[in-house]
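Tertiary structure, described
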Amino acid sequence: MIEGTALDVTMTVNGERRRAHVDARKTLADFLREDCALTGTHLGCEHGVCGACTVLVDGAAVRSCLMFAVQADGADVTTIEGIAEPDGELSTVQAAFRDAHGLQCGFCTPGFVVSVTAFLRDNPHPTDAEIREALSGNLCRCTGYQGIIKAVHLAAERVAERNAGAGAGVTA
Amino acid sequence: MKPAPFEYHAPTTIAEAVDLLARHGDEAKPLAGGQSLVPMLALRLARFEHLVDLNRVDELRGVARTNGTLRVGAMTTQATVEHDGDVARDVPLLAMATPLIGHFQIRNRGTVGGSLAHADPASEYPAVALALDARFDVASSSGTREVPAQEFFEGTWQTALGADELLVAVRFPVWEGRCGFACDEVARRHGDFALAGAIAAVELDGSSNVTRAGIALFGMGPAPVRATDAEQALVGTHPASDDDLRELGALAVRDTAPVDDVHASASYRRRVGEYLAGKTLRDAIRRAEEDIP
């Protein structure tokens, strides 16, 4: 059985194997920021309300401040740094946020982009109501949300256009 | 790092988990999805010397139909329940209540057993369990026992579970026949804690009279409330008018004592609870009549 107040953890982060010895109480968010130097995962509230720290753990969007790093031992984690293409080209969701003015100060943006990436993967043709509900777990204090809602619509349209052109199977 | 230091344990079987709870007693806490416990640790509202992480105990996960009940393993995530066809067919109330819990990112980690064992007064699953007379399978190092929902919830964050006990699964009765269900709540924003909410389950006979009813309220006191007086008044009748439903709603909240706090006054919560009790009953009866589960 795995137990202790400090443990070795190994996980895959954005395709790269990461190993560290961490305190059991260290959150996944702090592990990503401090041990992996991936500071794109932002910490707003640190108790699960704001959504800024959202990452994908084995494909599921979760709050990385509500998981301990030791719980992600063996997991496959994707942070905002792993969302763009390897050559740096923005993902469909990222490009839509830029084009639709879905950000201002940018602090909340990593959490929004990761959440929306998972949401459109699972629901590529959302209604406006579904988009608003999906965004309810992320807080933004600048935009008033209208630009963000437009960005999600735009990303969904671009995915649909691309799928219509390419046959099927491509998602955000 | 916001939580205080603790020793982490990741058992892989129920036997290992209950051994740890027996050994460490009050100083240990089971960690399920962590969507309520970890914020409490981060805010230092709670502190434990030992956390027993249940996420690697595979035998605590899964949904299975047996002998008229749907058994939901305690570590089954809310996201799994939300998208499970068997749940939607066999216990529609669970499927209806789940999207009201937090946000999709929370439901990806949050579990059925975690929500029930945490027993927040504003949470949906405890009221669903109470309305349907669910039964709780509880294990400890000295054996297993079964606790009916009616005896499980004792108050705010208080349940019948001892410090050495683990919630293993919950068995929800499957209502067959001409049944209808409804669940509704009022919250400031989608995903916020409900100010008040109601659950209704009804079974009708051939002439649309109610033969069985389960009504429960949440956010209306320190624990979910079963509205037995309203159920008794309902059975044998076919409430059709708005006045009938208003009366049943009033009866449902008559003995409740909701809190007065910064989010809503007690009188507002009572008015909302009364309205929602009537509304969910009307919706449940309509669904039963139209054969929509």
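**Observations concerning the overall build of chain B**
On a plain count of helices and strands, chain B comes out with 12 helices and 14 strands. Against the globule reference of 19 Å for 293 residues, chain B gives a C-alpha radius of gyration of 19 Å, in line with a compact fold. Out of the 293 residues in chain B, the part that is buried amounts to 55%. The long-range share in chain B, meaning contacts at least 24 apart out of those at least 6 apart in sequence, stands at 65%.

**What about the overall build of chain A?**
When its secondary structure is counted, chain A shows five helices and six strands. For chain A, the C-alpha radius of gyration of 17 Å lies close to 16 Å, the compact-globule estimate for 172 residues. Taken over the C-alpha atoms alone, chain A extends approximately 50 × 35 × 25 Å along its principal axes. Of all 172 residues assigned to chain A, the portion counted as buried reaches 45%. Counting only contacts in chain A whose residues sit at least 6 apart along the sequence, the fraction spanning at least 24 positions is 59%.

**Describing the pairing of strand β1 (residues 7–10) of chain B**
Note: strand β1 (residues 2–4) of chain A against β1 of chain B, three bridges, orientation antiparallel. Along β1 of chain B, the bridge assignment pairs Ile2 of chain A with Ala10 of chain B. Bridging between β1 of chain B and strand β3 (residues 50–53) of chain B involves three bridges; their strand directions are parallel. Bridging across to β3 of chain B, His9 of chain B finds its partner in Val52 of chain B.

**Points about the domain arrangement of chain B**
Assigned domains within chain B: domain 1 (7–53), domain 2 (58–173) and domain 3 (178–289). The distance between the C-alpha centroids of domain 1 of chain B and domain 3 of chain B comes to 35 Å.

**Concerning the sheet that holds strand β14 (residues 225–226) of chain B**
Strand pairs in the sheet, formed through backbone hydrogen bonds, run parallel or antiparallel to each other. All names here are of chain B. The strand order across the open sheet built from four strands is β11-β12-β13-β14, with neighbouring strands paired in antiparallel fashion. The open sheet has two edge strands with one neighbour each: β11 (179–186) and β14. Bridge analysis of strand β13 (residues 210–218) against β14 gives two bridges, and the strand direction is antiparallel. Each bridged residue has a counterpart across the sheet, and for Leu217 the counterpart in β14 is Val225.

**Focus: the interface of chain B and chain A**
Counting residues at the interface gives 29 residues for chain B and 29 residues for chain A. When contributions to the side of chain B that touches chain A are tallied by element, the ones reaching two or more residues are β1, α2 (37–42) and α6 (104–109) of chain B. Counting residues per element, the side of chain B that touches chain A draws most heavily on α6 of chain B, at five residues. Residues belonging to the side of chain B that touches chain A are distributed by class as follows: 13 nonpolar, 10 polar and six charged.

**Regarding the sheet that holds strand β5 (residues 69–73) of chain B**
All names here are of chain B. Spatial strand order, β4-β5-β10-β6-β7: five strands in an open sheet with antiparallel pairing. Edge positions in the open sheet fall to β4 (63–66) and β7 (143–148), since each of these has one partner strand only. Looking at each pair of strands side by side, their axes are set apart by 25° on average, direction ignored. Two strands pair when backbone bridges link them, and strand β6 (residues 135–140) and strand β10 (residues 166–173) are joined in this way by five bridges, in the antiparallel orientation. By the bridge assignment for β10, Arg135 is matched with Arg171. Against the sheet, helix α1 (residues 14–24) touches β6 and β10, its axis set at about 125° to β10.

**Observations concerning unusual backbone geometry**
Negative phi characterises most residues that are not glycine, and trans characterises most peptide bonds. In this structure, Asn67 of chain B is a non-glycine residue whose phi angle is positive, near 40°. By secondary structure assignment, the location of Asn67 of chain B is in the loop between β4 and β5.

**Regarding helix α3 (residues 109–122) of chain A**
Residues that lie three or four places apart on an α-helix share one face, since the helix turns once every 3.6 residues. A rise of 1.5 Å per residue sets the reference length of α3 of chain A, with its 14 residues, at 20 Å; its end C-alpha atoms lie 20 Å apart and thus fit the reference within 8%. Counting buried residues along α3 of chain A, 12 of its 14 residues qualify, which places the element largely inside the surrounding structure. Looking only at α3 of chain A, the buried set comprises Thr109, Pro110, Gly111, Phe112, Val113, Val114, Ser115, Val116, Thr117, Ala118, Phe119 and Leu120 of chain A. Tucked into the core, α3 of chain A has its buried residues touching β4 (54–57), β5 (60–63), α2 (92–99), α4 (128–135) and α5 (146–166) of chain A together with α6 of chain B.

**Overview of the environment of Ala134 of chain A**
Along the polypeptide, Ala134 of chain A turns up in helix α4. Taking C-alpha positions, Ala134 of chain A is 18 Å from Ala100 of chain A, a pair spaced 34 residues apart along the chain. Discounting residues that sit within four places of it in the chain, Ala134 of chain A has contacts with Phe119 and Pro126 of chain A together with Phe104 of chain B.

Definitions and cut-offs
- Residues numbered from 1 in each chain as written.
- Chains lettered and ligands numbered in written order.
- Predicted model: local features only at pLDDT ≥ 70, side-chain atom pairs only at ≥ 80, totals over all residues.
- Helix = DSSP H or I, 4+ residues; strand = E, 2+ residues; numbered from the N terminus.
- Rg over C-alpha atoms; globule rule 2.2 N^0.38 Å.
- Buried ≥ 20, exposed ≤ 12 C-beta atoms within 10 Å, placed from the backbone.
- Contact = placed C-beta atoms within 7 Å.
- Pairing = 2+ DSSP bridges.
- Domains from an automatic or database assignment.
- Nonpolar A, V, L, I, M, F, W, Y, C, P; charged D, E, K, R; others polar.
- Axes fitted to C-alpha atoms, helices over the stretch in contact; angles between N-to-C directions.
- Expected span 1.5 Å × (residues − 1).

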